[in-house]
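Breakdown of the fold
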2 protein chains.
Amino acid sequence: MHDFAADIAACAKDVEAGLAQHLDVARLSGPGPAAERVVAAMRHGALDGGKRLRPLLVRQAAAIFNVSPANALTAGLAVEMVHCYSLIHDDLPAMDDDDLRRGRLTVHKAFDEASAILAGDALLTHAFGLLADPICHPDPSVRIALVTELVAGSGAGGMVGGQMRDIEGEQGGFSGDQISTMQAMKTGALIRASVRMGAILGGADARALSVVTAYAEAAGRAFQLADDILDVTATPEAMGKATGKDANAGKQTLVAQLGLDGAKVRLAQTVNDALSALRTFGPKADGLRATARYFASREN
Amino acid sequence: MHDFAADIAACAKDVEAGLAQHLDVARLSGPGPAAERVVAAMRHGALDGGKRLRPLLVRQAAAIFNVSPANALTAGLAVEMVHCYSLIHDDLPAMDDDDLRRGRLTVHKAFDEASAILAGDALLTHAFGLLADPICHPDPSVRIALVTELVAGSGAGGMVGGQMRDIEGEQGGFSGDQISTMQAMKTGALIRASVRMGAILGGADARALSVVTAYAEAAGRAFQLADDILDVTATPEAMGKATGKDANAGKQTLVAQLGLDGAKVRLAQTVNDALSALRTFGPKADGLRATARYFASREN
């Protein structure tokens, strides 16, 4: 049996150490010395928190292609920096207006709005710096492929576009298909990029890449379904943030469309889709399998 | 005599066409279809405006190394997208709170704050997508070097760090050296990146790169000095935005430190520094020379 709890803990520890190392005034300096306040705000938004699921997916997908956890770490840090920037910007008053994140003050509450905007911008910028660094992978063509993948996952046709659609959807009137598209972009696209980046690190051929992509797309749907279900069923204490918020805002989620029981059935089906996609892979894909199962059972 | 007016017009035309082509729903789509509202906000913030000086610098630096304007365009578009994202975010209420930019509504006034934040994020993201695209340069190692350069110019040790320092400096008490550091980062770093990216496109060796860097750093100082002088001397009509704003806000500029006449003397010296740096280059550097002279004489 794959020890998922040990894997997630080991990955989170590596990510925490890696981010602490890279989010540093000396390392982030360019033509001038990195501004200490923006580095402090970046650290507040990126350190001490989160399950680091995206770097875990990078690592687990890379493992299929015999890439070591150490060699998958830098790409994982880049994805995590993009994830953290998106949380900082999403929490802003003009967006979701959240004061708490993982039980701590959001960046604009701990610092101020301008610092939060700039910290997000800088995390996004330096994520690409990490991918371009030779420590990420010795082959520049692989590093460029990683940049392209992260752009697709996080840009106007991925995460940012999904966030835009989510805001538009708050006016109501989204169909089930429109909700699915929005969710596939808002959270699914970066999950998809994480898995694909792991495979790209390992030199996956087109067929293998399409297999892990099918897994990633199902896993992303499962992750979002679980999130929507937890928004209804979990306590704020378990989640470290307000719950019931989507329902109260009249947000168009699949739980609102399918009902709680219907959403749970859909979640189980979706996890099975993710597992089925991996059937041609042997035990090296057990990490990805465990993560898909975890999405169906997580409690926060 | 180099025809600077023709060069700047030709470059601006190419940049406008290139941005219009790339800032397009189909081209920006990823795992999902790019959100139309965010693409519209990106276009509002990036099209129909500006002198496109940064792509011009990319082109002029590339010309020294025999790179054609067409082959320098994509890298120039990437720098311009970063410049435009920075303007969108700087104009936000939490930052400079400007309603007008180039005589038109700023993005958060024409759309809303959330759309402006996301449009800026997406422009930054897709700038790296352009650099990673083979149309930018056939050699992946050159494309990676361009990514690294743009990160240095626009991150916490460059443009974003300079913006953070500028906000901190509004509390007053900055010395002349601190103002120079802030300005070298806020506007200088991206000008420096533009020039260096042109040289990198042309395969410049370390010595040539250090020569163009010396030019770029002086040119960046000249540009910012001219900006500070124009803030005091130009009309809002000529600038297409409010003037006297820095002085009214008690902002620490070199004009406030040196006086208007002192700043003009410093500007002339700085342009001479930029020209001196280029003395080892022949007529192929006339474009960069003309731009440095233009910085001393511009009226908006």
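Residues numbered from 1 in each chain as written. Chains lettered and ligands numbered in written order. Predicted model: local features only at pLDDT ≥ 70, side-chain atom pairs only at ≥ 80, totals over all residues. Heavy atoms only, no water.

Our focus in this paragraph is the overall build of chain A. A tally of regular secondary structure across chain A gives 15 helices and two strands. Here the C-alpha radius of gyration of chain A, 18 Å, is about what a compact globule of 300 residues would show, namely 19 Å. Counting all 300 residues of chain A, 57% fall into the buried class. Considering only residue pairs separated by 6 or more positions, chain A has 72% of its internal contacts joining residues 24 or more positions apart. (Helix = DSSP H or I, 4+ residues; strand = E, 2+ residues; numbered from the N terminus. Rg over C-alpha atoms; globule rule 2.2 N^0.38 Å. Buried < 20%, exposed > 50% of the residue type's maximum accessible area, 1.4 Å probe, protein only. Contact = heavy atoms within 4.5 Å.)

This next bit is on the interface of chain A and chain B. Residue-level contacts link 53 residues of chain A with 53 residues of chain B. Across the chain A-chain B interface, the total number found is 14 residue pairs in polar contact (both at pLDDT 80 or more). Broken down by secondary-structure element, the contributors of at least two residues to the side of chain A that touches chain B are helix 3 (36-46), helix 5 (69-90), helix 7 (113-132), helix 8 (140-154), helix 9 (159-169) and helix 10 (176-201) of chain A. Here the side of chain A that touches chain B gets 13 residues from one element, more than from any other, and that element is helix 7 of chain A. (Polar contact = N/O pair within 3.5 Å; in protein donor to acceptor, adjacent residues only side chain to side chain.)

Now for the packing of aromatic side chains. All names here are of chain A. For the structure shown, the criterion picks out nine aromatic pairs over all chains. For the pair Phe223 and Phe295, a centre-to-centre distance of 5.2 Å together with 65 degrees between the ring planes defines the contact as edge-to-face. Here the residue Phe223 occupies a position in helix 11 (residues 206-233), and Phe295 occupies one in helix 15 (residues 286-297), the gap between them amounting to 72 residues. With a relative accessible area of 8%, Phe223 lands in the buried category. On the numbers, 6.1 Å between centres and 55 degrees between planes, the contact of Tyr294 with Phe295 is tilted. With a relative accessible area of 1%, Phe295 lands in the buried category. Here the aromatic cluster, defined as three or more aromatic residues joined through ring pairs, consists of Phe4, Phe223, Tyr294 and Phe295. (Phe/Tyr/Trp six-rings, centres within 6.5 Å; stacked < 30°, edge-to-face > 60°.)

As a further point, take the environment of Ala184 of chain B. Residue and element names in this part refer to chain B. By the element assignment, Ala184 lies in helix 10 (residues 176-201). On the basis of relative accessibility, which here comes to 38%, the residue Ala184 falls in the partly exposed class. Sequence separation between Ala184 and Gly162 is 22 residues; the distance between their C-alpha atoms is 7.5 Å.

Let us now look at the environment of Arg104 of chain B. All names here are of chain B. Its place among the elements puts Arg104 in strand 2 (residues 104-105). A relative accessible area of 29% places Arg104 in the partly exposed class. Taking the C-alpha atoms as reference, Arg104 lies 9.8 Å from Gly45; in sequence the two are 59 residues apart. Beyond its immediate stretch of four places on either side in the chain, Arg104 contacts His44, Leu47, Asp48 and Asp99.

Glancing now at the pattern of salt bridges. Where charged atoms from two side chains of opposite charge approach closely, those side chains can pair. One pass over the structure, following the stated rule, counts 18 salt bridges over all chains. Ionic pairing is found between Asp14 of chain B and Arg59 of chain B, a salt bridge with its closest N-O pair at 2.8 Å. Taken together, the residues Asp14 of chain B in helix 1 (residues 4-22) and Arg59 of chain B in helix 4 (residues 53-64) connect sequence positions 45 residues apart. Judged by relative accessible area, Asp14 of chain B falls into the partly exposed class, the value being 30%. Accessibility expressed as a relative area gives 12% for Arg59 of chain B, which makes it buried. Among the ionic pairs, Arg52 of chain B bridges to Glu16 of chain B, the shortest N-O distance being 2.8 Å. In this pair, Arg52 of chain B sits in the loop between helix 3 (36-46) and helix 4 while Glu16 of chain B sits in helix 1, placing the two residues 36 residues apart along the sequence. Where salt bridges share partners, they join Glu16, Arg52 and Glu80 of chain A into one cluster. (Salt bridge = Lys/Arg side-chain N within 4 Å of Asp/Glu carboxyl O.)

Residue and element names in this part refer to chain A. The end-to-end C-alpha distance of helix 1 (residues 4-22), which contains 19 residues, comes to 27 Å, matching closely the 27 Å that a straight helix rising 1.5 Å per residue would cover. Three or more residues of helix 1 are buried, namely Phe4, Ile8, Cys11, Val15, Gly18, Leu19 and His22. Take helix 1 and look down its axis: the buried residues cluster within an arc of 100 degrees, on one side only. Seen from the buried face of helix 1, the exposed residues on the opposite side, beyond 90 degrees, are Ala5 and Lys13. Buried residues along helix 1 sit in contact with helix 2 (25-28), helix 3, helix 4 (53-64), helix 5, helix 7 and helix 15. (Expected span 1.5 Å × (residues − 1). Arc of directions from axis to C-beta.)

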